[in-house]
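Structural features, examined
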Amino acid sequence: MLSKEILKELGNLNFYPYLITTLYINVSPLVNPKGEYKIIWKDLKKSVLDNLNNQNLEVEIKKSVLLDLEKIETILDQGSFGSANTIILMSCSAKDWEHYIPLYPPLKNKLVIDKDPYTKPLSHLIVANRPYYLVILSKGDARVFKYFLGEIHEEGEIREEIPKKHKQGGWEASDWQRWHETHVIWYFKEVADFLDKIINTNEKIILGSTSPKNISEFLELLPKRLHNSIIGEISLELDSPIKDILEKTYELIKYYEEKETKDLVESLIVANAKGKEAVIGLENVAHEVYQKRVQKLLVEENYEQEGYECPSCYFRSTYLEICPYCNIKMIKRSDIVDEIIEDAIIEGAELKYIENKELAKKINIIGAFLRY
């Protein structure tokens, strides 16, 4: 599962003077029903080779990159990617190092050769998405799963022997009943404490059970701070197959995120129309990112736009060729969106990707809530 720790490890790599080759490629059968990603790969490779031949690289460094490209092509020809929609392949043949990351979200196709692994799209993905925790409850046993970026992993199982209810009447039965209920309370408190330790403020919870009574009793013991994190409930048995768990979890999360994104877009449109702290469109967003005013950024997934970048202050624009701040000629770039997103994140902005293209059009593909 992709994590900040993995990105940190990749960021600490240093194979100087050798270069690292990084490929992002969408291999989804829906987008590539006839293996079109292989054609995309050949175009990316040709562009990189043309650039490589124009550079004055040492023989061993160039040889390492060429071997990287061969390795990547071999993997792509094999065409075995499981359920991944995007695969990321990283390699430095001179150091016999390679790294493979399969991902469910579709990302832009890109081939980068640099001194570091190209991880910017991954860092954006982590910022734009939150983990969800699924808790499947029964009396005496609970399973906790973490869902992130289309993957689900079991974080732990919490068990306790609960005394059974007494079947016969009399005073002993009532005592035994209280003893049973006390153990249930202790047990649900243990599960609640476990969640309280692992769940951060922006993370969400899904409750799973076939017993509404279990959920209501558990909610009474869950810390108040976590109540607002609950997005819904699903009917699941404790021993449900992982495939069923993933499907039901994904359905609820998809519904929740679609509604959340729609609400954000509508709020942005209203705030912008009233002249409040909100802007719409890339040019306006670029100005506000430069001013370090962006609090939350909304942008369509995989949005690209060519434009201009100042070589001195890094201000970006879709049409200005002279920097309004430095009064010098700006450099044309094939895509300025990723850099604008990166600058916003560095300054602490939240990021939200919009999957629905029609929804994204309502804010001219990109928009932002401002701090002041």
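Residues numbered from 1 in each chain as written. Predicted model: local features only at pLDDT ≥ 70, side-chain atom pairs only at ≥ 80, totals over all residues. Heavy atoms only, no water.

1. Re the environment of S209
To keep things clear, this is the line we draw: Numbering of helices and strands starts at the N terminus; helices are DSSP runs of H or I of at least 4 residues and strands are runs of E of at least 2. Accessibility here uses a 1.4 Å probe with only protein chains present; expressed as a share of the type maximum, an area under 20% marks a residue as buried, one over 50% as exposed, and anything in between as partly exposed. Note on contacts: a residue pair qualifies if any of its non-hydrogen atoms lie within 4.5 Å across the two residues. Pairing of N or O atoms within 3.5 Å defines a polar contact, subject to two protein rules: one partner must be a possible hydrogen donor and the other a possible acceptor, and residues neighboring in sequence count only if both atoms are side-chain atoms.
Inspection of the secondary structure assignment puts S209 in the loop between β8 (204–208) and α6 (212–221). Given the relative accessible area of 7%, S209 is considered buried. Measuring from C-alpha to C-alpha, the distance between S209 and L238 comes to 7.5 Å, with 29 residues separating the pair along the chain. Apart from residues no more than four positions distant in its own chain, S209 is found in contact with L137, N214, I215, I234, S235 and L236. Here the side chain of S209 touches S211 through a polar contact of 3.0 Å, landing on its backbone nitrogen.

2. Some points on the nonpolar core
The cut-off we apply is this: Side-chain atoms within 4.5 Å link the members of a nonpolar core, which is a set of buried Ala, Val, Leu, Ile, Met, Phe, Trp, Tyr and Cys residues.
Counting 43 residues, the largest nonpolar core has W97, L103, L122, V285 and L297 as the members making the most contacts within it. Sequence-distant contacts of V285, that is, excluding residues within four places in its chain, are made with V279, L297, I340, I366, G367 and A368. Counting residues in hydrophobic clusters, the runner-up holds 18 residues, among them V135, V144, Y187 and F218.

3. Looking at the packing of aromatic side chains
Formally: Two rings from Phe, Tyr or Trp (for Trp, the six-membered ring) form a pair when their centres sit within 6.5 Å of each other. Planes less than 30 degrees apart are called stacked, planes more than 60 degrees apart edge-to-face, and all others tilted. Charge-over-ring placement is defined geometrically: NZ (Lys) or CZ (Arg) within 6 Å of the ring centre, and within 35 degrees of the ring normal.
Taken as a whole, this structure holds 10 aromatic pairs when the rule is applied. Pairing Y37 with F81 gives two aromatic rings, centres 5.6 Å apart and planes at 80°, and the pair type is edge-to-face. Of this pair, Y37 sits in helix α2 (residues 37–53) while F81 sits in the loop between α3 (59–78) and β2 (86–92), and the two are 44 residues apart along the sequence. Just as Y37 is buried, F81 falls in that class too. Here the aromatic rings of Y132 and Y256 are separated by 6.4 Å at their centres, their planes lie at 85°, and the arrangement is edge-to-face. Placement of Y132 in strand β5 (residues 132–138) and of Y256 in helix α8 (residues 242–273) is noted, with a sequence separation of 124 residues between them. A relative accessible area of 1% means that Y132 is categorised as buried. Grouped by ring-pair contacts, the aromatic residues Y187, F188 and F218 constitute a single cluster. Taking the ring centre of Y372 as reference, the NZ or CZ of R293 above it sits at 4.9 Å.

4. Some remarks on the packing of α2 against α3
How two helices sit against one another is set out by the angle between their axes and by the gap between those axes. Defined as follows: Helix axes are fitted to C-alpha atoms over the stretch in contact, other axes to C-alpha atoms as well, and angles between N-to-C directions run from 0 to 180 degrees. Comment on the angle field: the value is read as roughly parallel under 35 degrees, roughly antiparallel over 145, roughly perpendicular from 65 to 115, and oblique elsewhere.
At a closest axis distance of 11 Å, the pairing of α2 and α3 adopts a crossing angle of 175°. By the angle between their axes, α2 is roughly antiparallel relative to α3. Contacts from Y37, K38, W41, K42, K45, L49, L52 and N53 in α2 reach K62, V65, L66, L69, I72, E73, L76 and D77 in α3.

5. So, the sheet that holds strand β3 (residues 97–103)
Here is the rule: A strand pair is defined by DSSP finding two or more bridges across the two strands.
Across the sheet, which stays open at both edges, the 4 strands sit in the order β3-β2-β1-β4 with antiparallel pairing between neighbours. Among the strands making up the open sheet, the edge pair consists of β3 and β4 (110–114). For this sheet the average axis-to-axis angle between neighbouring strands, irrespective of direction, equals 10°. As defined by bridge partners, strand β1 (residues 20–26) adjoins β4 across 5 bridges and the pair is classed as antiparallel. In the sheet register, Y24 faces β4, and the bridge partner there is K110.

6. Examining the confidence of the model for the chain
Low-pLDDT portions of the prediction should not be read for the details of their coordinates. Threshold: Scored between 0 and 100, pLDDT is the confidence that the predictor attaches to each residue.
Summarising the model, the chain shows a mean pLDDT of 91, and 94% of its residues fall at 70 or more. Element-level pLDDT for the chain is lowest in helix α5 (residues 171–198), with a mean of 73, against a maximum mean of 98 in strand β16 (residues 366–370).

7. Quick word on α6
Which entries qualify depends on this criterion: By definition, the arc is the one covered by directions from the helix axis to the C-beta atoms.
Among all positions in α6, only N214, I215 and F218 are buried. Taken end-on, α6 shows its buried residues confined to a sector of 95°, consistent with a single buried face. The outward face of α6, more than 90 degrees from its buried face, is lined by the exposed residues P212 and E220.

8. Digging into the pairing of strand β11 (residues 294–300)
In terms of residue burial, β11 counts as a mostly covered element, since 6 of its 7 residues are buried. Relative to β16, β11 is paired through 5 bridges, and the arrangement is antiparallel. Bridging across to β16, K296 finds its partner in F369. Pairing geometry for β11 and strand β15 (residues 350–354), over 5 bridges, is parallel.

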